[in-house]
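Structural overview for review
Now for the letters of each chain:
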Amino acid sequence: IFNDATNQRGQALVAKYGIDFSKTIGITWRGTDIYLDGRPRMPIETYFRFIDEILEKHPDYRIACTAEETGILDPLFARYPNAFLIEEFTQAPLGAKDNPEKLRSKLSGYERGLVPVLMVWLFSKCAYYIKNRSSSGAVASWISDGNIISLGHEETLSYAPPGDYYQINGETKTPLYL
């Protein structure tokens, strides 16, 4: 479903980071929405129990990560030495009130648009994908053949307020916060 240019750029990321999708957990975190629509920030530690469960079964898996703001992933990197940041996916400074896309203003429109497309491309291919609510994360999960864990929102990406639940491959479970 992706064009040749996107596939080539995606493969360059795979080569740079040594990604084997069959042994990769994808992690995305979105947070600037607190300023846009009042949605509360989800602590990155919320992801840990799900990562731990996967790594219990698959200790050799690596964790490909991106977050909307710098520093958010630091506790994750401290806990999981097999985690790495995809540096090409722009981050805003911690506490920024704008999406990282605003930081890409020096790039051409094509390059700015390619970043979220590459995020969809990469995370849709992971064996597991853990995410909180974001549009690009939803699209990646919709085209993925992997295991999808959606934290605090329905996979349909409805505008229901975030809740104390999660979905694994579309099945709703509670509680999210222990």
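These remarks concern the structure in this document. (Residues numbered from 1 in each chain as written. Predicted model: local features only at pLDDT ≥ 70, side-chain atom pairs only at ≥ 80, totals over all residues. Heavy atoms only, no water.)

**Regarding helix H3 (residues 48–57)**
Phe48, Arg49, Phe50, Ile51, Ile54 and Leu55 are the residues of H3 that are buried. Buried residues belonging to H3 abut strand S1 (24–29), strand S2 (62–67), helix H4 (74–79), strand S4 (128–131), strand S5 (147–151) and strand S6 (166–168). (Buried < 20%, exposed > 50% of the residue type's maximum accessible area, 1.4 Å probe, protein only. Helix = DSSP H or I, 4+ residues; strand = E, 2+ residues; numbered from the N terminus. Contact = heavy atoms within 4.5 Å.)

**Comments concerning the pattern of salt bridges**
Summed over the entire model, instances satisfying the criterion amount to six salt bridges. Put simply, Lys23 and Asp60 hold a salt bridge, and the shortest N to O gap is 3.4 Å. One end of the pair, Lys23, is in the loop between helix H1 (4–17) and S1; the other, Asp60, is in the loop between H3 and S2, with 37 residues separating them in the sequence. The shortest N-O distance in the salt bridge between Arg41 and Glu69 comes to 2.8 Å. Of this pair, Arg41 sits in the loop between helix H2 (33–36) and H3 while Glu69 sits in the loop between S2 and H4, and the two are 28 residues apart along the sequence. On the basis of relative accessibility, which here comes to 0%, the residue Glu69 falls in the buried class. (Salt bridge = Lys/Arg side-chain N within 4 Å of Asp/Glu carboxyl O.)

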